[in-house]
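As a plain string of letters, each chain reads:
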Amino acid sequence: MSKPSSGKRLIDALTDHPVDRPPFWFMRQAGRYLPEYRKVRAQVGDFLELCYTPSAAAEVTLQPIRRYGMDAAILFADILLIPDALGQKLEYREGEGPVLEPIRTAAGIAALKPDAIHERLSPVYETVDRVAGALPDGTALIGFAGSPWTVASYMVEGHGSKEFQETRLWAMRDPQAFGALIDVLTEATTEYLGRQIEAGAHAVQLFDSWSGVLSEDQFGRWCTGPTRTIVGRLKRRYPGVPVIGFPRGAGAKTAEYAAATGIDGVAIDTSMPPRWAARALQTTVAVQGNLDPLAVVVGGRAMEDQARDILESLSNGPFIFNLGHGIVPQTPPEHVAALSDLIRNWQSS
Ligand code: CP3
């Protein structure tokens, strides 16, 4: 006999339970495309301040759930809160994105303060607690963090980048020194996610947004390896809490990543063929994805046809409907409503 349902579609899909329809949520479902987000953001002012103000962060986490009734809320925070909590100087500049004081030496790594992170991060745990208490019963709360490689990329470059050359050069020239940074992040990320789970997160996602710049051997060392360590430690402490990994841009390496890390679900980006994912990934893990966020900007038939094709391709196995990357600011909110209705009403033909 199958185990009883968790009462949450998202968790059922991640734990081998049958679901009446695919659960859905959207990366960056809270954010600038929503007028009610822009209002809170303008009131609070600074983006980091918004992340560290539990009442406001909980409010913006819940906004998309009220509008669209997704099967999961995702904690409102950012992957760069970890470097901030470790003591690296961080600011978000309007129109430019995050700017950090780059770390490129062993001394820079040694100056980080891993013992102090929870002090700075405690408002995030309070946000989790508030949201968990406010969500409808069937709606899951997803906690998250960036993966060590992706977070390290920002810490070393000092800003976003297309190629992350400084980081890749350091990782290849002096894997020992760079590895010390990855170790600090692996430890901090495990503890951070653990606290989110204890505060009420029902599942967690690791965002490895820049894993796609790595060759196979570097990918194994800096993405799959640390992810396996984090997942292993979390599973020992919180065996029932599913972990989703998002190795964006990993292409065919995703199969090895899914098999080797111990994750329960893998998020795939827009470039991945859904039918390939069904064959190569769904036999091992649940698959999450992967509508082009720009299809939601366009809306109408273009969006609906692509969404139906993904549903047809992946609904025979464990599946969570999502986008291949985050919702972009110019997305019309009514297109998100139409997409949510399409998924809710979808039936396999
Ligand atoms: O709704 C959600 O998905 C939850 C909140 C969330 C944010 N960032 C809020 C945010 C999540 C899960 C993230 C993850 C994140 N942050 C990633 C991984 C996913 C991805 O996009 O690849 C990365 C790389 C970051 C780092 C980051 N944060 C950048 C590069 C930027 C600037 C670019 C931008 O979109 O402005 C941010 C800022 C940020 N994080 C915003 C939001 C809503 C925009 C802030 C604002 O001006 O209001």
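Residues numbered from 1 in each chain as written. Predicted model: local features only at pLDDT ≥ 70, side-chain atom pairs only at ≥ 80, totals over all residues. Heavy atoms only, no water.

Draft legend 1. Here's a closer look at the site of the ligand. Taken together, 22 residues sit near the ligand, with Arg-28, Arg-32, Tyr-37, Arg-41 and Ser-209 positioned nearest. Arg-32 places a polar side-chain atom, nitrogen or oxygen, 2.6 Å from an oxygen atom of the ligand. Taking Tyr-37, its side chain carries an N or O atom lying 2.5 Å from an oxygen atom of the ligand. Taken by itself the ligand offers 870 Å² of open surface, and the protein chains cover 87% of this. Those elements that place two or more of their residues in the shell around the ligand are α2 (35-44) and β3 (97-100). A per-class count over the shell around the ligand returns 14 nonpolar, 4 polar and 4 charged. (Near = heavy atom within 4 Å. Polar contact = N/O pair within 3.5 Å; in protein donor to acceptor, adjacent residues only side chain to side chain. Areas by Shrake-Rupley, 256 points an atom, 1.4 Å probe, with all protein chains shown as cover. Helix = DSSP H or I, 4+ residues; strand = E, 2+ residues; numbered from the N terminus. Nonpolar A, V, L, I, M, F, W, Y, C, P; charged D, E, K, R; others polar.)

Draft legend 2. The arrangement of the pattern of salt bridges in detail. With the rule as written, the count across this model stands at 18 salt bridges. The closest approach of N and O atoms between Glu-36 and Arg-67, which form a salt bridge, is 2.7 Å. In this pair, Glu-36 is assigned in helix α2 and Arg-67 in helix α4 (residues 54-68), connecting sequence segments 31 residues apart. By relative accessible area, Glu-36 is classed as partly exposed at 23%. The exposure class of Arg-67 is partly exposed, given its relative accessible area of 38%. Across the salt bridge formed by Glu-163 and Arg-168, the nearest N and O atoms sit 3.2 Å from each other. The network of salt bridges with common partners includes Arg-9, Asp-20, Arg-21 and Asp-71. (Salt bridge = Lys/Arg side-chain N within 4 Å of Asp/Glu carboxyl O. Buried < 20%, exposed > 50% of the residue type's maximum accessible area, 1.4 Å probe, protein only.)

Draft legend 3. Structural detail: the confidence of the model for the protein chain. Within the protein chain, residue pLDDT values average 97, and 99% of them lie at 70 or more. Strand β4 (residues 140-146) holds the highest mean pLDDT among the elements of the protein chain, 99, whereas strand β2 (residues 90-93) holds the lowest, 96. (pLDDT = per-residue confidence, 0-100.)

Draft legend 4. Molecular detail of the sheet that holds strand β5 (residues 203-208). Taken in spatial order, the 7 strands line up as β1-β4-β5-β6-β7-β8-β9 in an open sheet, and their pairing is parallel. Every interior strand has two partners, whereas the edge strands, β1 (72-74) and β9 (319-323), have only one. Across this sheet, the average inter-strand angle for adjacent strands is 25 degrees, counted without regard to direction. Pairing of strand β6 (residues 243-247) with strand β7 (residues 265-267) involves 2 bridges; the strand directions are parallel. The residue of β7 that forms the bridge with Gly-245 is Val-266. Sitting on the sheet, helix α12 (residues 253-261) is in contact with β6 and β7, with an inclination near 155 degrees to β6. (Pairing = 2+ DSSP bridges. Axes fitted to C-alpha atoms, helices over the stretch in contact; angles between N-to-C directions. Contact = heavy atoms within 4.5 Å.)

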